[in-house]
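The chain contents come next:
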Amino acid sequence: MKITRFLFRFVVAFAIAVGIICLGLWLSGNAHLIKAVRSTYLVGKTGPTINDYHKFENRIVATANTEYWPKSSNYNSQKLTEDQQQILDDWETSAFLIIKDSKLLYESYAKGFDSNSLTNSFSMAKSLTSLAIGAAIKEGKIEGVKQKVGDFLPEFREGKKAEITIRDLLTMSSGIDFGESYGDPFGYMAKTYYGTNLYDLTVNKSIIHPAGQVWKYQGGNTLLLSFILKEATGENLSDYFSTHFWKPMGANKDALWSISEAEGRERAYCCFYSNAQDFARIGQLVLDSGVWNNEQLISKEYFNASFHPVNIKDEKGKLIDYYAYQWWLGDLEGDAFYYARGIQGQYIVAIPSWNLVLVRLGHKRDPTRGVEVPSDLIDYLKIAKQF
């Protein structure tokens, strides 16, 4: 009897303590931590994963008229060496795929994954959002990259923020101090990933540098682009991307885009869930200068600008010539490539001189901050070059 009473009192006390903590987090503006803890530590994780879609509300990015990749006559005939396979294993690769001359040449998947597995794009979604902006410009819903953000968002119509253009957002040079720390549980990124009010969190941030003058990689810029897209087109980002890209490209499978609960806005800087074969379509679109099945999905002018280096200095004075309109730029032994990348080693890479698309998905990436090209990507490119 005493044990039963003790357990009862313990459970009640514990419940009260949890309630007080939750109330305190809510009152302090940190209610996102409740979702964060429930989604990570309580399920044995320490942070976001590539399989997070089931933890959040998602909007479907619908496909139509599926077009399956034609297979090369040499499909999967070349096997990886032990050293090459070890590289993939060391970085915990879940999918490794090569499209060569517009045909599926090679694909391999780790245990538990296959060609239909939906995994998190993380920051590759920034590049997809940039494509959507290009489509809106092609439609005439947005005048061009020099148009002011204030034409769409009222919070940007006065003061220094009134000078910010769409191009400044695309090139990560808005001058706004969002914060990009992935390890700060109280920071902007944690609140936008686990929180619910993306709009207010983002539009009310302060500007600390003149617009267009300082490069600083921050996901808040991409969220602002998605807000602009919705105001310009009247559609949410998922539906718009479906209409202008996912359906025309005949994706194999519907994708998912994580949205904030209640507010229903896409986490445009991350959280587009798809599979390796469909991600490869984005790379092929880049190889073909924005054309799919003879249809120009984004204007040639916007496409060319999308892969032109920003040539803006960062806060330390370093010239950034390896970033463009939410796309990264690189070079391997004289061969230029363009790529989207995510924090856990998600890559869509287009190498024009090889007429090749590389997709790599997985759990780990070179952790070195501020590198122009992560070392793991160089390893993958060297493997792909041998095909």
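Residues numbered from 1 in each chain as written. Predicted model: local features only at pLDDT ≥ 70, side-chain atom pairs only at ≥ 80, totals over all residues. Heavy atoms only, no water.

Draft legend 1. Broad picture of the overall build of the protein. Secondary structure summary: the protein contains twelve helices and 14 strands in total. Counting all 387 residues of the protein, 54% fall into the buried class. Expressed as a percentage of contacts within the protein between residues at least 6 apart in sequence, the contacts between residues at least 24 apart total 71%. About 17200 Å² of surface is accessible on the protein, with carbon and sulfur atoms providing 52% of the total. (Helix = DSSP H or I, 4+ residues; strand = E, 2+ residues; numbered from the N terminus. Buried < 20%, exposed > 50% of the residue type's maximum accessible area, 1.4 Å probe, protein only. Contact = heavy atoms within 4.5 Å. Areas by Shrake-Rupley, 256 points an atom, 1.4 Å probe, with all protein chains shown as cover.)

Draft legend 2. Representation of the sheet that holds strand 6 (residues 272-274). What the four strands build is an open sheet, ordered 1-5-6-4; its pairing is antiparallel. Each end of this open sheet is capped by a strand with a single partner; those strands are strand 1 (57-61) and strand 4 (119-120). Taken together, the two bridges between strand 5 (residues 255-259) and strand 6 define a ladder with antiparallel strand orientation. From the neighbouring strand, Trp 257 faces strand 6, where its bridge partner is Phe 272. (Pairing = 2+ DSSP bridges.)

Draft legend 3. Up close: the environment of Asn 311. Within the element layout of this structure, Asn 311 appears in the loop between helix 11 (300-306) and strand 9 (312-313). Residue classification places Asn 311 among the partly exposed positions, given a relative accessible area of 41%. Sequence-wise, Asn 311 and Asp 321 are ten residues apart; in three dimensions their C-alpha atoms are separated by 4.9 Å. Those residues in contact with Asn 311, other than ones at most four positions away along the chain, are Leu 319, Ile 320 and Asp 321.

Draft legend 4. Fine view of the sheet that holds strand 3 (residues 103-109). An order of 3-2-14-13-12-11 is seen for the six strands of this open sheet, with the pairing classed as antiparallel. Of all strands in the sheet, those bounded by a partner on one side alone are strand 3 and strand 11 (328-332). Within the sheet, the average angular offset between the axes of one strand and its neighbour, ignoring direction, is 20°. Sitting on the sheet, helix 4 (residues 124-139) touches strand 12 (335-341), strand 13 (347-351) and strand 14 (356-362), and the angle it makes with strand 12 is about 100°. (Axes fitted to C-alpha atoms, helices over the stretch in contact; angles between N-to-C directions.)

Draft legend 5. Region of the structure containing helix 4. Look at helix 4: 24 Å from first C-alpha to last across 16 residues, which is about the 22 Å you get at 1.5 Å a residue. Of all 16 residues making up helix 4, 14 are buried, and the element is well covered by its neighbours. Trailing helix 4 by a residue or two, Gly 140 shows a phi angle of about 85°, which is positive. (Expected span 1.5 Å × (residues − 1).)

Draft legend 6. Up close: the nonpolar core. Counting residues in each nonpolar core, the largest one holds 85 residues, and the members touching the most others are Phe 241 and Phe 272. With nine residues, helix 4 is the largest single contributor of residues to this core. Beyond its immediate chain neighbours, meaning those up to four positions away, Phe 241 contacts Val 61, Leu 128, Leu 131, Ala 132, Trp 246, Trp 257, Phe 272 and Ile 282. If you look at the next biggest cluster of nonpolar residues, it comprises 31 residues, including Leu 80, Ile 98, Ile 312 and Leu 377. (Core = buried A, V, L, I, M, F, W, Y, C linked by side-chain atoms within 4.5 Å.)

Draft legend 7. View of the packing of helix 4 against helix 8 (residues 219-233). Relative orientation of the contacting elements helix 4 and helix 8 amounts to 30°, with a least axis distance of 10 Å. Regarding the angle of helix 4 to helix 8, the classification is roughly parallel. Crossing angle aside, the handedness with which helix 4 passes helix 8 is left-handed. Of the residues in helix 8, those touching helix 4 at Lys 126, Thr 129, Ala 132, Ile 133 and Ala 136 are Gly 219, Thr 222, Leu 225, Ser 226, Leu 229 and Thr 233. Grouping the constituent residues of the contact of helix 4 with helix 8 by class yields five nonpolar, five polar and one charged. (Parallel < 35°, antiparallel > 145°, perpendicular 65-115°, else oblique. Left-handed = near helix turned anticlockwise from the far one by under 90°. Nonpolar A, V, L, I, M, F, W, Y, C, P; charged D, E, K, R; others polar.)

Draft legend 8. Quick look at the pattern of salt bridges. Counted by the stated rule, this structure contains ten salt bridges. Between Asp 52 and Lys 55 there is a salt bridge, with the nearest N and O atoms lying 3.0 Å from each other. Summarising the burial analysis for this pair, Asp 52 and Lys 55 share the class buried. For Glu 315, the salt bridge identified is with Lys 216, shortest N-O distance 3.6 Å. Here Lys 216 lies in the loop between helix 7 (198-203) and helix 8 and Glu 315 lies in the loop between strand 9 and strand 10 (319-320), a separation of 99 residues in the sequence. Overlapping salt bridges, with partners in common, bring together Asp 177, Lys 216 and Glu 315 in one network. (Salt bridge = Lys/Arg side-chain N within 4 Å of Asp/Glu carboxyl O.)

Draft legend 9. Representation of the packing of aromatic side chains within the structure. Under the defined criterion, the tally for this structure stands at 32 aromatic pairs. An angle of 65° between the planes, with centres 5.5 Å apart, marks the rings of Tyr 53 and Tyr 273 as edge-to-face. Taken together, the residues span a long stretch of sequence, with Tyr 53 in the loop between helix 2 (32-39) and strand 1 and Tyr 273 in strand 6 at a distance of 220 residues. On the basis of relative accessibility, which here comes to 29%, the residue Tyr 53 falls in the partly exposed class. One aromatic cluster is present, built from ring pairs that chain together Phe 96, Tyr 106, Phe 337, Tyr 339, Tyr 347, Tyr 380 and Phe 387. The positively charged end of Arg 265 is found above the aromatic ring belonging to Phe 227, 4.8 Å away from the centroid. Note that Arg 341 overlies the ring of Trp 328, its terminal NZ or CZ placed 3.5 Å from the centroid. (Phe/Tyr/Trp six-rings, centres within 6.5 Å; stacked < 30°, edge-to-face > 60°. Lys NZ or Arg CZ within 6 Å of the ring centre and 35° of its normal.)

Draft legend 10. Here's a closer look at the side chain of Asp 314. Relative to the assigned elements, Asp 314 resides in the loop between strand 9 and strand 10. For the buried Asp 314, which has no salt bridge, the nearest side chain bearing the opposite charge is Lys 318, at an N-O separation of 6.1 Å. Engagement of the side chain of Asp 314 in a polar contact is seen with the backbone nitrogen of Lys 316, the distance being 2.9 Å. (Lys, Arg positive; Asp, Glu negative; His and termini not counted. Polar contact = N/O pair within 3.5 Å; in protein donor to acceptor, adjacent residues only side chain to side chain.)

Such coordinate-based values are descriptive only and should not be taken to indicate function.
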